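# Observations on the three-dimensional arrangement
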Amino acid sequence: MREDTTQGPEPQVHMAERKAELEQQPCVAEPRPQGHVMAMEPRTQGRISGSELIGYVGIEAVLDQMKRKAMKTGFEFNIMVVGQSGLGKSTLVNTLFKSKVSRKSCTPDHEEKIPKTVQLQSVSHEIEEKGVKMKLTVIDTPGFGDQINNENCWDPIVTYINEQYEKYLVEELNVNRKRRIPDTRVHCCVYFLPATGHCLRQIDVEFMQRLGTVVSIVPVIAKADTLTLEERLDFKARIRQNMQDHGIRVYPQREYDEDEDDALRNDKIRENIPFAVVGTDKEHQVNGNKVLGRKTKWGIIEVENVAHCEFANLRDLLIRSHLQDLKDVTQNHYEEYRVRRLNESNARGLELSPVNGYVAKSDAESHL
Ligand SMILES: Nc1nc2c(ncn2[C@@H]2O[C@H](COP(=O)(O)OP(=O)(O)OP(=O)(O)O)[C@@H](O)[C@H]2O)c(=O)[nH]1
Ligand SMILES: [Mg+2]
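Residues numbered from 1 in each chain as written. Chains lettered and ligands numbered in written order. Predicted model: local features only at pLDDT ≥ 70, side-chain atom pairs only at ≥ 80, totals over all residues.

### Some details on the pairing of strand β1 (residues 75–82)
- Judged by how many residues are buried, β1 sits mostly within the fold: six of eight residues are covered.
- Inspection of the sheet shows β1 paired to strand β5 (residues 132–140) by seven bridges, in the parallel sense. Directly across from I79, in β5, lies its bridge partner V138.
- Examined bridge by bridge, β1 and strand β6 (residues 188–193) share four bridges and lie parallel to one another. Pairing of V81 across the sheet is with V190, part of β6. (Buried ≥ 20, exposed ≤ 12 C-beta atoms within 10 Å, placed from the backbone. Helix = DSSP H or I, 4+ residues; strand = E, 2+ residues; numbered from the N terminus. Pairing = 2+ DSSP bridges.)

### Quick word on the nonpolar core
- By size, the foremost hydrophobic cluster in this structure holds 60 residues, and its most contacted members are C189, V220 and V277.
- When residues of this core are assigned to their parent elements, the largest contribution, seven residues, is made by helix α4 (residues 155–173). (Core = buried A, V, L, I, M, F, W, Y, C linked by C-beta atoms within 7 Å.)

### Concerning the confidence of the model for the protein
- Put simply, the protein has an average pLDDT of 80, and 74% of its residues get 70 or more.
- Overall, residues 103–110 carries pLDDT values under 50, and its contacts beyond four positions in sequence, including any with other chains, amount to eleven contacts. (pLDDT = per-residue confidence, 0-100. Contact = placed C-beta atoms within 7 Å.)

### Description of the sheet that holds strand β11 (residues 299–302)
- Taken in spatial order, the three strands line up as β9-β10-β11 in an open sheet, and their pairing is antiparallel. Since the sheet does not close on itself, it has two edges, and those belong to β9 (283–286) and β11, each with one partner. Pairwise comparison of adjacent strand axes, ignoring direction, gives a mean angle of 70° for this sheet. (Axes fitted to C-alpha atoms, helices over the stretch in contact; angles between N-to-C directions.)

### Some points on unusual backbone geometry
- Backbone torsion omega between Y251 and P252 reads -5°, so that peptide bond is classified as cis.
- Of note, the bond from I273 into P274 is cis; its omega dihedral lies within 30 degrees of zero at -5°.
- Its identity is not glycine, yet K130 carries a phi of approximately 50°, on the positive side.
- Here K130 lies in the loop between β4 (121–129) and β5.
- Positioned with a positive phi, N287 is a non-glycine residue whose angle comes to about 50°.
- Among the secondary structure elements, N287 is positioned in the loop between β9 and β10 (289–296).
- Since 5 C-beta atoms lie within 10 Å of it, N287 is described here as exposed.

What follows is the structure, given as structure tokens:
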């Protein structure tokens, strides 16, 4: 017969004695095992308190597991660039990802040149750095606001963004949905402001007001090498004031700050936007080092030198510090779209289908 060790007076007496014994013993910190996860063993020595109660479990190893998985699957990042023709959108994307990710064509003398963008187009690239794979999609938009009449010129852009949300929604509602839904949603929209030195134009206000609620907008001052330092500072301050006056929401949005640390970090960014950037894909020698820069008659403007322009701040925000956050905020935008669409279809008694945006209601409901 198996002995019951959990009940009866005998074990209780034993426990009381054991407790007194333990209280007299000095508190000894248990050394953390090196290099491997230790099997859990009941403690018999030392005072047991707080997290020491269970010793080292090895939960932190989950980070390695997550890293290994993420490296295997890779991740997707979709960036859209919007602005007037010739403001340097394609050049900046190439500068950001240090490769020729924006479309190129060959001119007869074989010098590669970035062609003018003529239609809204998304191009995907596989980028790999230190074993981390990224599927980068650049959505290049043709000269925004180039027409004499720019009424509703944001429509194709809004339509594109919503189409990607719709695609994701239809996949998500599918009975046999994929384990990983391909993510074509726009994670970030870099909006190029011309370096006029004045203030926001009507078209900038209208675009950012409309789009700021559906996508994360990162405004930048294009070709900032055309502004003096004072002009740049004044222009930036005026733009921030204009954005506040018109209730424009740009990334990082205050309502998505997760905690105080996050808010502090993001406040610094908010005080410094829009970043005044310079782009190029040409390398030059400066003090024996190769740098990305624009060579002028009076010197080289180094794009990654913070004393010359704010390209490095933009790069750090988009890639090094906030890339995952941009994806998380996109999920929030998507959730808003999802709720709106499902309410709409319920109210109208319509059914979402995979072909034209509406699926059989039973399918949709089974996943809600
Ligand atoms: N001065 C200056 N010129 C730039 C900068 N970035 C790009 N350019 C130049 O501006 C021209 C247009 O650059 P693109 O990158 O093709 O501009 P775009 O916005 O993609 O133009 P579209 O495709 O026509 O909409 C090229 O001659 C670039 O070399 C910059 O930061 N400063
Ligand atoms: Mg272009």
